Amino acid sequence: MNEQLRRVIENSRRIAFLGGAGLSTESGIPDFRSADGLYKAQTAYGHSPEVLLSHEFFWDHTDIFYDYYRKFLLYPEAKPNNAHRALAKLEADGKLTAVITQNIDGLHQDAGSRNVLELHGSVHRNYCTKCRKFYPMEYILESEGVPTCACGGVIKPDVVLYGEGLETKTLISAVTHIQRADTLIVGGTSLAVYPAAGLIDYFSGRELVLINLSRTDRDSDATLCVHEKIGEALSFLLEGE
Ligand code: CNA
């Protein structure tokens, strides 16, 4: 167990958490930038995930978008891991005010977290671009080719694609939670995607903790850096469960 991490969490009263794809690798969902990450998938399509998951590509090549999306972004069997569970427990214990995530997999909610700010949306919500009717992930998985609505409209995942803006309300709420926190834990993110990565700059509390397998450009700003799997690093919070 990392004693320093335990002490920081013990002495914190208002923790905000900012996370990314690294949270869910221990649940079997690959991230974008590690060796096994989704970037490898680019050989199959000849495009990077940034292109395949862009607003322009969605509308220009909707069929290819959905082929990639179903194969590489949807994990209906994935279950929350110790990192998701530990954060849910911190919230239930009244120590953590919000999970701010770049993830789109819904695993924080599955683990029991209540205040989850999904900066990049969710694969569990999909809407008709014509009549705005919502559809669950299962509808996308069970359909073939381009999923369409009963009204004939094309269905789009409620996921922020590259080239699209983040929801203002979610961003403002994320900033507020970070500004009010005495501790900000940042985990499982390469901090390479903006504006999410820039949210760290709103933090002026005491402890900035980074928990990430690889080093990030912001390691030198942290009061504590933990280069371990986040599910393992936080599992001490689940002792006695
Ligand atoms: P990223 O750029 O792929 O970085 C992930 C980071 O996590 C890397 O620096 C890894 O070293 C680190 N990491 C991997 N596994 C672990 C682990 N077990 N413990 C600790 N650290 C680990 O992902 P970001 O989230 O920074 O990039 C933002 C993109 C990726 C967002 O737009 C996401 O929507 C998108 N994404 C989301 C998912 C998901 O919802 N699960 C999966 C893949 C990509």
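Above this text sits the structure in question.
Computed from a prediction, not measured in an experiment: that's the story for all the values here.

The rules behind these values
- Residues numbered from 1 in each chain as written.
- Predicted model: local features only at pLDDT ≥ 70, side-chain atom pairs only at ≥ 80, totals over all residues.
- Heavy atoms only, no water.
- Pairing = 2+ DSSP bridges.
- Helix = DSSP H or I, 4+ residues; strand = E, 2+ residues; numbered from the N terminus.
- Axes fitted to C-alpha atoms, helices over the stretch in contact; angles between N-to-C directions.
- Contact = heavy atoms within 4.5 Å.
- Salt bridge = Lys/Arg side-chain N within 4 Å of Asp/Glu carboxyl O.
- Buried < 20%, exposed > 50% of the residue type's maximum accessible area, 1.4 Å probe, protein only.
- Core = buried A, V, L, I, M, F, W, Y, C linked by side-chain atoms within 4.5 Å.
- Phe/Tyr/Trp six-rings, centres within 6.5 Å; stacked < 30°, edge-to-face > 60°.
- Lys NZ or Arg CZ within 6 Å of the ring centre and 35° of its normal.

Peer 1: Mind laying out the sheet that holds strand 5 (residues 134–135), listing which residues take part and the relevant values?
Peer 2: Spatially, the 3 strands line up as an open sheet ordered 5-4-6, and their pairing is antiparallel. The sheet is open, and its two edges are formed by strand 5 and strand 6 (155–159), each paired on a single side. As paired elements, strand 4 (residues 121–128) and strand 6 share 5 bridges and run antiparallel to each other. Across the sheet, Ser122 pairs through a bridge with Asp158, a residue of strand 6.

Peer 1: Tell me about the sheet that holds strand 2 (residues 96–101), and please be specific about residues and values.
Peer 2: Pairing is parallel in the open sheet, where 6 strands are placed in the order 3-2-1-7-8-9. Whereas interior strands pair on both sides, the edge strands pair on one side only; in this sheet they are strand 3 (116–118) and strand 9 (224–226). Between one strand axis and the next, the sheet turns through 15° on average, direction left out of account. Taken together, the 5 bridges between strand 1 (residues 15–19) and strand 7 (residues 183–187) define a ladder with parallel strand orientation. Residue pairing across strands places Ala16 opposite Leu184, the latter belonging to strand 7. Sitting on the sheet, helix 6 (residues 82–92) touches strand 1 and strand 2, and the angle it makes with strand 2 is about 145°.

Peer 1: Quick rundown of the pattern of salt bridges? Include the residues and the values.
Peer 2: All chains considered together, the criterion is met by 10 salt bridges. With its nearest N and O atoms 2.5 Å apart, the salt bridge here joins Arg6 to Glu10. In this pair, Arg6 and Glu10 are both assigned in helix 1 (residues 3–10), 4 residues apart and thus about one turn of the helix distant. Overall, the relative accessible area of 47% leaves Glu10 in the partly exposed class. The partner of Asp93 in a salt bridge is Lys89, with the nearest N and O atoms 3.3 Å apart.

Peer 1: Before we move on, could you go through helix 5 (residues 62–72) and cite the residues and values that matter?
Peer 2: Among all positions in helix 5, only Thr62, Phe65, Tyr66, Tyr68, Tyr69 and Arg70 are buried. Packed against the buried residues of helix 5 are helix 2 (42–45), helix 3 (49–52), helix 4 (55–60), strand 4, helix 8 (137–142) and strand 6.

Peer 1: Could you give an account of the nonpolar core, naming the residues involved and the relevant values?
Peer 2: Formed by 24 residues in total, the largest nonpolar core has its most connected members in Leu5, Ile9, Phe17, Leu87, Ile211 and Leu234. Every element with two or more residues in this core is listed here: helix 1, strand 1, helix 6, strand 2, strand 8 (207–211), strand 9 and helix 10 (230–233). Excluding residues that lie within four positions of it along the chain, Leu234 makes contacts with Leu5, Ile9, Ala83, Ala86, Leu87 and Ile211.

Peer 1: Quick one: what's the story with the packing of aromatic side chains, residue by residue and with numbers?
Peer 2: Per the stated rule, a full pass over the model turns up 11 aromatic pairs. Considering the side-chain rings of Phe58 and Trp59, the 4.9 Å spacing of their centres and the 90° angle between planes classify their relative orientation as edge-to-face. When its relative accessible area of 0% is taken as the criterion, Phe58 is described as buried. The exposure class of Trp59 is partly exposed, given its relative accessible area of 38%. Here Phe65 and Tyr69 contribute two aromatic rings whose centre-to-centre distance is 5.4 Å and whose plane-to-plane angle is 15°, an arrangement assigned as stacked. With Phe65 and Tyr69 both in helix 5, this residue pair falls 4 residues apart, about one helical turn. Given a relative accessible area of 0%, Phe65 falls into the buried group. Tyr69 sits in the buried class, given a relative accessible area of 1%. Through successive ring pairs, a cluster of aromatic residues spans Phe58, Trp59, Phe65, Tyr66 and Tyr69. Note that Lys156 overlies the ring of Phe58, its terminal NZ or CZ placed 5.6 Å from the centroid.

Scope: geometric values only; no functional claims are made or implied.
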